[in-house]
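Chain residues, written in single-letter form:
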Amino acid sequence: MTMPTGLKLVLFGPPGAGKGTQAQLLKERLGVEHVSSGDLFRHHLSNGTELGELARGYMNRGALVPDAITIGMVIDRIGQIADADGFMLDGFPRNTGQAQALESALHERGQQIDRVIHIRVADDELIRRLSNRYICRVCQRPYTRDAATGAPPEGCADCPDGGDIYQRDDDTSEAVANRIAVYHQETAPVLDFYAARGLLANVPGEGAVATVNESVLRALEGNADEVFP
Ligand code: ADP
Ligand code: ZN
């Protein structure tokens, strides 16, 4: 008898594409673990760990944290997840070296990525979203400023005591521009890596959250290349 295996996904896209938002919806729907490299780093930062101190400067200016730090951190986290549970990666891999390291680490365990969902959003929309973004310190749920008043929400709707809402240090305009440039230079080439393996599905990311979610779910059904060429 073979054990059921959980879905293993990569949520791919530029900063501000909505990977975190879609990850939360998919988690409810599919029950797979959400592994966000950015959240792992921010956890280290707020706990004042050595790894967090190493990562801080890179993160604040919107640069990639070196692979020597990042790869081990994410692969360790994946190693804690039971095969049957599955996972979705968000923010990793972010360059081809990370994609290769991930492939080898999974291969050693007889695992592989099932699908890569690429959420596409144009640069001007990314800049607009990131500079209006706020996040719950407890559960990491993203929020936007109120369109009418310009104010962020007072507390998190998902957290029992209304988790503290804050703006990330790297959601300032200079770091945002740098993160988008880094995405085009270092991260976008990973798309070719997964396209060559037949794993890539492109999804339009500029509609309403629910619309994007429908597209993501269709992409998971396997015929996304025909639906979203
Ligand atoms: P976003 O996708 O909104 O840019 P993340 O929360 O994914 O933000 O990442 C925040 C920062 O953490 C990045 O700008 C980078 O400095 C660091 N980081 C996250 N994931 C990686 C990764 N896979 N490789 C290198 N650095 C990373
Ligand atoms: Zn919250």
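Here's a quick rundown of the structure.

Calculation criteria
Residues numbered from 1 in each chain as written. Chains lettered and ligands numbered in written order. Predicted model: local features only at pLDDT ≥ 70, side-chain atom pairs only at ≥ 80, totals over all residues. Heavy atoms only, no water. Donors = N, O, S within 2.8 Å, 3.2 Å for Na, K, Ca; no water. Tetrahedral: all angles 85-135°; square planar, octahedral: opposite > 155°, others 65-115°. Near = heavy atom within 4 Å. Polar contact = N/O pair within 3.5 Å; in protein donor to acceptor, adjacent residues only side chain to side chain. Areas by Shrake-Rupley, 256 points an atom, 1.4 Å probe, with all protein chains shown as cover. Phe/Tyr/Trp six-rings, centres within 6.5 Å; stacked < 30°, edge-to-face > 60°. Helix = DSSP H or I, 4+ residues; strand = E, 2+ residues; numbered from the N terminus. Buried < 20%, exposed > 50% of the residue type's maximum accessible area, 1.4 Å probe, protein only. Lys NZ or Arg CZ within 6 Å of the ring centre and 35° of its normal.

### Re the coordination of the zinc ion (ligand 2)
- Donor atoms from the polypeptide that coordinate the zinc ion (ligand 2) comprise Cys136 (SG), Cys139 (SG), Cys156 (SG) and Cys159 (SG), at 2.3 to 2.4 Å from the metal.
- Of note is the zinc ion (ligand 2), whose four donor atoms meet at the metal with angles of 107 to 115° in an arrangement that counts as tetrahedral.

### Topic: the site of ligand 1
- For ligand 1, the set of nearby residues contains 20 residues, the closest of which are Ser37, Arg42, Ala63, Gln98 and Arg179.
- Arg42 places a side-chain nitrogen or oxygen 2.8 Å from an oxygen atom of ligand 1.
- Interatomic distance of 2.8 Å between a side-chain N/O atom of Arg179 and an oxygen atom of ligand 1.
- With the chains in place, 97% of the 550 Å² that ligand 1 exposes on its own is no longer accessible.

### Quick word on the packing of aromatic side chains
- In this structure the tally under the stated criterion is two aromatic pairs.
- Measuring from ring centre to ring centre gives 6.2 Å for Phe12 and Tyr183, while their planes differ by 55°; the resulting arrangement is tilted. With Phe12 in strand β1 (residues 8–12) and Tyr183 in helix α7 (residues 173–187), this residue pair connects regions lying 171 residues apart in the sequence.
- Using a relative accessible area of 2% as the deciding quantity, one classes Phe12 as buried.
- Ring geometry for Phe193 and Tyr194: centres 5.1 Å apart, planes at 85°, overall edge-to-face. Taken individually, Phe193 and Tyr194 each receive the classification buried, so the pair is uniform in this respect.
- Positioned above the aromatic ring of Tyr166, the side-chain terminus of Arg137 is 4.2 Å from the ring centre.
- Between the NZ or CZ atom of Arg197 and the centre of the ring of Phe193, over which it lies, the distance is 3.6 Å.

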